[in-house]
Amino acid sequence: MQDIVQVETISVIGLGYIGLPTAAVIASNNIRVKGIDVNQDAVNTINQGKIHIVEPGLETVVKQAVNEGYLTAHTETQAADAFLIAVPTPFIGDEHQPDLSYIQTAANALAPLLVKGNLVVLESTSPVGATEKMADWLQAARPDLSFPHTLKAGETPDILIAHCPERVLPGQVLRELVENDRIIGGMDKASTHAAIALYQQFVHKGHCIATNARTAEMAKLTENASRDAQIAFANELSIICDKQNINVWELIELANLHPRVNILQPGAGVGGHCIAVDPWFIVNQNPMDAKLIHQARKTNEGKPQWIINKIEAACHQLKLKGVDKPIIACLGLSFKPDIDDLRESPALNITQALALKGYDVLAVEPHIQALPEKFNTLENIQLTSLDTAIKQADVIAILVKHKAFIRYPFKQDNVLNFVNA
């Protein structure tokens, strides 16, 4: 096995909720990082030592890294010793076909810059086989270089390829990038060895665990599919308890007293770019076998409609009492507590659906300054403060367990608490 080339410069492609914290943490270890993003405003913001996302402690790390010259942001891919790809991997259509176009675009952009000894790591959560497809795209663009899948076993390729899925929790990203174990799957042993050496430069408390690329891809999907199934159980339980006139929160607390039971808390559904998306990659590739995983997705995707029905039922009761057009307050728009991330958020979708039905909606989300652009055409919804919403609303629906909502002394009898806030 060849000696590992010393990594002095890393190019992180994609400066979103994962890419920017990763770039900042690497740069804080005195490694030069060239961050790449197609968003010019984001690039400008980062180069000013500021951030365009919400993540506790991140701006301090970015500011220091930029001021010390270890972190720069660019719209064009830059040459480096190693490339980390952290771009979105959504799905397309009703069949939930994985969309790998962002990975392909990133691969095509970095391909002309590759030199012998470079390492390319795919961090984007991907369906099984995506790392191999990325290697194919790079090989097609650079036939002058050898890649792991083009050589016989034991031969060392010019370009090393690995997959290392991110495993961090929004709101805890900076700590978990350093402390969490990382699963590192190379397309060959040389690639695995090189990727582990890279990650050990900034994963100071976690372990770097070696496997192959396909297993690394499936590991991340398995983690999130497992969480999805556990959440689906809690959400299904909440619907059953509602019909049985049982307090689901008390029930779960009692059941969890069993030493081998740990039921999660039900909520408005499942959101974000991980748990709400990743199980579909398994289902799409294994439609006849992923029955439980598929049902968990359907259960969690159906929970928002159940909540909408409950809210509308409350509005109907008010109309019977003479309230002609009840005002609804939707508390929380993000996909999980105390962050600004609205991706795949069931709370956001519930709020939008109610507005589209014609209700006057007061949206409360303390972590954003403005509603998403898709709300611009809706005149019957406005972003407001918690106090204003409480005073004006006829029905109050708590959709996200933000700390601000937990601390609020709700005394109204018109509160529908879907998250036990």
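For clarity, every value in this text was computed on a predicted model and none was experimentally measured.

Peer 1: I tried to follow the overall build of the protein chain on my own but got confused; where do I start?
Peer 2: Looking only at helices and strands, the protein chain has 14 helices and 15 strands in total. In terms of overall dimensions, the protein chain is globule-like: its C-alpha atoms have a radius of gyration of 24 Å, near the 22 Å expected for 421 residues. Taking the principal axes of its C-alpha atoms as reference, the protein chain extends roughly 75 × 50 × 40 Å. Across the 421 residues of the protein chain, 51% fall into the buried class. For the protein chain, the accessible surface area stands at approximately 19,600 Å², while carbon and sulfur atoms represent 50% of it. Charged side chains of the protein chain number 35 positive and 46 negative; the gap between the two group centres comes to 5 Å.

Peer 1: Could you clarify how one ought to interpret helix α4 (residues 101–110) in this entry?
Peer 2: Three or four residues apart is the spacing at which side chains of an α-helix point the same way, because the helix has 3.6 residues per turn. Those residues of α4 that sit buried are Ile 103, Ala 106, Ala 107 and Leu 110. An end-on view of α4 places all buried positions within 100 degrees of arc, on one side of the element. Lining the buried residues of α4 we find β1 (9–13), β4 (82–85), β7 (119–122) and α5 (130–141).

Peer 1: So what exactly am I meant to see when it comes to the sheet that holds β1 here?
Peer 2: Pairing between the strands of a sheet comes from backbone hydrogen bonds, and it takes one of two forms, parallel or antiparallel. Spatial strand order, β3-β2-β1-β4-β7-β8-β9-β10: 8 strands in an open sheet with mixed pairing. Edge strands, defined here as strands with exactly one partner in the open sheet, are β3 (71–74) and β10 (208–212). Between one strand axis and the next, the sheet turns by 25 degrees as a mean value, whatever way the strands run. Here strand β9 (residues 182–186) pairs with β10 via 5 bridges, running parallel.

Peer 1: Looking at this structure, how should I read the packing of helix α8 (residues 213–244) against helix α11 (residues 291–320)?
Peer 2: In a packed pair of helices, the relevant descriptors are the angle between the two axes and the axis-to-axis distance. Two elements in contact, α8 and α11, have axes separated by 8 Å at closest approach and are oriented at 40 degrees. Taken together, the axis directions place α8 and α11 in an arrangement best described as oblique. α8 and α11 meet at a crossing whose hand is left-handed. Mapping the contact onto sequence places Ala 225, Asp 228, Ala 229, Ile 231, Ala 232, Asn 235, Glu 236, Ser 238, Ile 239 and Asp 242 in α8 and Ile 293, Ala 296, Arg 297, Thr 299, Asn 300, Lys 303, Trp 306 and Lys 310 in α11.

Peer 1: I tried to follow unusual backbone geometry on my own but got confused; where do I start?
Peer 2: Apart from glycine, the bulk of residues carry a negative phi angle, and the bulk of peptide bonds sit in the trans form. You will see that Glu 344, though not glycine, has its phi angle at about 55 degrees, which is positive. Phi at Asn 420 takes a positive value of approximately 60 degrees, unusual for a residue other than glycine. Summarising the element assignment, Asn 420 is placed in the segment after β15 (415–417).

Peer 1: I'm lost on the side chain of Gln 352 in this one. Help?
Peer 2: Following the sequence through the fold, Gln 352 ends up in helix α12 (residues 346–356). The exposure class of Gln 352 is buried, given its relative accessible area of 17%. Within polar-contact distance, the side chain of Gln 352 engages the side chain of Lys 374 at 3.5 Å.

Peer 1: When you look at the pairing of strand β2 (residues 32–36) in this model, what are you seeing that I'm missing?
Peer 2: When a strand is regular, its side chains alternate between the sheet's two faces. In the sheet, β1 pairs with β2 via 5 bridges, with the strands oriented parallel. Following the sheet pairing, Ile 13 is matched in β2 by Ile 36. Regarding the hand of the β-α-β motif, the stretch spanning β1, helix α1 (residues 19–27) and β2 is right-handed.

Peer 1: Just checking my understanding: could you explain the packing of aromatic side chains for this structure?
Peer 2: Taken as a whole, this structure holds 3 aromatic pairs when the rule is applied. Plain terms: the ring middles of Trp 306 and Phe 418 are 6.3 Å apart, the flat faces sit at 75 degrees to each other, and that makes the pair edge-to-face. Pair noted here: Trp 306 is in helix α11 and Phe 418 is in the segment after β15, with a separation of 112 residues, a long-range link. Taking the relative accessible area as the measure of exposure, Trp 306 reaches 19% and is therefore buried. For the pair Tyr 408 and Phe 410, a centre-to-centre distance of 4.9 Å together with 50 degrees between the ring planes defines the contact as tilted. Residue Tyr 408 is classed as partly exposed on the basis of its relative accessible area of 22%.

Quick notes on the rules
Residues numbered from 1 in each chain as written. Predicted model: local features only at pLDDT ≥ 70, side-chain atom pairs only at ≥ 80, totals over all residues. Heavy atoms only, no water. Helix = DSSP H or I, 4+ residues; strand = E, 2+ residues; numbered from the N terminus. Rg over C-alpha atoms; globule rule 2.2 N^0.38 Å. Buried < 20%, exposed > 50% of the residue type's maximum accessible area, 1.4 Å probe, protein only. Areas by Shrake-Rupley, 256 points an atom, 1.4 Å probe, with all protein chains shown as cover. Lys, Arg positive; Asp, Glu negative; His and termini not counted. Charge placed at Lys NZ, Arg CZ, Asp CG, Glu CD. Arc of directions from axis to C-beta. Contact = heavy atoms within 4.5 Å. Pairing = 2+ DSSP bridges. Axes fitted to C-alpha atoms, helices over the stretch in contact; angles between N-to-C directions. Parallel < 35°, antiparallel > 145°, perpendicular 65-115°, else oblique. Left-handed = near helix turned anticlockwise from the far one by under 90°. Polar contact = N/O pair within 3.5 Å; in protein donor to acceptor, adjacent residues only side chain to side chain. Right-handed = clockwise from strand over helix to strand, strands pointing away. Phe/Tyr/Trp six-rings, centres within 6.5 Å; stacked < 30°, edge-to-face > 60°.

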